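Breakdown of the fold
Listed here are the chains, written in short residue letters.
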Amino acid sequence: MEIVLICLAIALVLFVSAFMARRRFGLLGLALAAGSLLSGIWEYEVELIASGLGIQSGPVTSAVILSLITMLPAGVLLLHGYAYKTLVGRLVGAGMFTLLALAFLIEPLGHILILQGQGADFYGWLVYNRTFIIGAGLIFAVLDLFLTKPVQKSSKDH
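So, here is what we can say about the structure in this document. Source: prediction; values computed, not measured.

Here's the deal with the packing of helix H2 (residues 25-41) against helix H6 (residues 117-147)
- The geometry of H2 relative to H6 is characterised by a closest axis approach of 7 Å and an angle of 140° between their N-to-C directions. Of the possible angle classes, the one that applies to H2 and H6 is oblique. The hand of the H2/H6 crossing is left-handed. Where H2 approaches H6, its residues Phe25, Gly26, Leu27, Gly29, Leu30 and Ala33 are matched on the opposing element by Gly137, Leu138, Phe140, Ala141, Val142, Asp144 and Leu145.
- Among the residues making up the contact of H2 with H6, the classes are represented as nine nonpolar, three polar and one charged.

This is the structure we're talking about:
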C-alpha cells in the first residue's frame, strides 16, 4: 500500500508544479522522454560516479538519481516555454504531464519498494499499462506541439 501513497505524493507534486508553471504539455512530454532515454543510457555510469563521490551506492541511491535524471529536462522546461492561457488547458496539461511522468518513474520506484497486497496489484497494473500510457502520452505531446501557436511580436515601430 505504501507504493500507492508514494505515487499519490509524487503525482500531487508533479501536478501542482505543472499547473502552477502553466507550461504546455507538448514540450514537457518530450522532455520526459528525453530524460528517460538519458537515464537508461547513463544507468551504469551513474552508479560509478556515485560510488566515486563517496555516496553509498545501492538500489535506493540508483533509483533516486535515475529518477532525477528522468525529470531534469522537464524540470528545466517548467521554467521556460509556451504557456496555456485557459484554466482547462492548464488542468488537462498538468494531468497529462503527471500521468506520463508517473509512467516513466514507476519502474525505478518498484525496485526500491517492497510490494505487497493491493500495492503490488496497483504496481502491476501500472507496469502492465506503462507502454500504452507512454505511447499515448507522447502522441498527445506531439499533437500539442502542432497546436501551439508561436507568439507574434508586434511590428509597430514607436
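More follows now that the structure is in view.
Side note on the nonpolar core
- Ranked by size, the top nonpolar core spans 23 residues in total, and within it Phe25, Leu32, Met71, Phe97, Leu100 and Phe104 carry the most contacts.
- For this core, the secondary-structure elements that each account for two or more residues are helix H1 (2-21), H2, helix H4 (59-77), helix H5 (87-112) and H6.
- Ranked by residues supplied to this core, first place goes to H5 with seven residues.
- Setting aside chain neighbours within four positions, we find Leu100 in contact with Phe25, Gly29, Leu32, Ile133, Ile134, Gly137 and Leu138.
- Ranked by size, the runner-up nonpolar core spans eight residues in total, among them Ile3, Ile106, Leu113 and Tyr123.

Looking at the packing of aromatic side chains
- In total, this model carries one aromatic pair according to the counting rule given.
- Considering the side-chain rings of Phe15 and Phe19, the 6.1 Å spacing of their centres and the 10° angle between planes classify their relative orientation as stacked. On the criterion of helical spacing, the pair formed by Phe15 and Phe19 is a turn pair, its members being four residues apart in helix H1.
- Given a relative accessible area of 17%, Phe19 falls into the buried group.
- The ring of Phe19 has Arg90 lying over it, and the distance from NZ or CZ to the ring centre is 4.1 Å.

Let's talk about the pattern of salt bridges
- Applying the stated criterion across every chain yields a total of two salt bridges.
- Of the charged contacts in the structure, one is a salt bridge between Arg24 and Asp144, with a shortest N-O distance of 2.7 Å. Note that Arg24 is positioned in the loop between H1 and H2 and Asp144 in helix H6, a separation of 120 residues in sequence. Like Arg24, the residue Asp144 is buried in the burial classification.

A few points about the layout of surface pockets
- Within this model, the largest pocket holds a volume of roughly 280 Å³.
- Forming the boundary of the largest pocket are 15 residues, of which Glu43, Leu66, Glu107, Pro108 and His111 lie nearest the centre.
- Contributing elements (two or more residues each) for the lining of the largest pocket: H2, helix H3 (43-52), H4 and H5.
- The element that contributes the greatest number of residues to the lining of the largest pocket is H4, accounting for five residues.
- Residue classes in the lining of the largest pocket are distributed as five nonpolar, six polar and four charged.

The rules behind the values
Throughout, a residue's number is its position along its own chain's written sequence, starting from 1. For this predicted model, a pLDDT threshold of at least 70 governs which residues receive local features, and a threshold of 80 or more governs which side-chain atom pairs are given and counted, while totals over whole chains, interfaces and linings are taken from all residues. Side-chain metrics rest on all non-hydrogen atoms present in the structure, leaving aside hydrogens and water. Fitted lines through C-alpha atoms give the axes, limited to the stretch in contact for helices. The angle between two N-to-C directions lies from 0 to 180 degrees. Strands are runs of DSSP state E lasting at least 2 residues, helices are runs of H or I lasting at least 4, and numbering of each runs from the N terminus. Working rule for angles: under 35 degrees goes down as roughly parallel, over 145 as roughly antiparallel, 65 to 115 as roughly perpendicular, anything else as oblique. In this scheme the crossing of two helices becomes right-handed for a clockwise turn of the near helix relative to the far one and left-handed for an anticlockwise turn of less than a right angle. By definition, residues are in contact when any of their heavy atoms lie within 4.5 Å. For this classification, the nonpolar set comprises Ala, Val, Leu, Ile, Met, Phe, Trp, Tyr, Cys and Pro, the charged set comprises Asp, Glu, Lys and Arg, and every other residue, Gly included, is treated as polar. For the purposes of this section, nonpolar cores are sets of buried Ala, Val, Leu, Ile, Met, Phe, Trp, Tyr and Cys residues that join through side-chain atoms within 4.5 Å. Between buried and exposed lies partly exposed: a residue is buried under 20% and exposed over 50% of the maximum accessible area for its type, with that area taken using a 1.4 Å probe on protein chains only. When two rings of Phe, Tyr or Trp (its six-membered ring) have centres within 6.5 Å they constitute a pair, described as stacked for plane angles under 30 degrees, edge-to-face for angles over 60, and tilted for the intermediate range. Throughout this description, the term charge over a ring refers to an Arg CZ or Lys NZ atom that lies within 6 Å of the ring centre and within 35 degrees of the ring normal. A side-chain nitrogen of Lys or Arg and a carboxyl oxygen of Asp or Glu constitute a salt bridge if their distance falls within 4 Å. Detection works on a 1 Å grid of protein atoms alone, calling trapped sets that fit a 1.4 Å probe cavities and calling open sets with protein on both sides within 12 Å along at least five of seven lines pockets, with lining residues defined by an atom within 4 Å of a point. Grid points are joined across faces, edges and corners, and a volume is the space filled by probe spheres set on the points.

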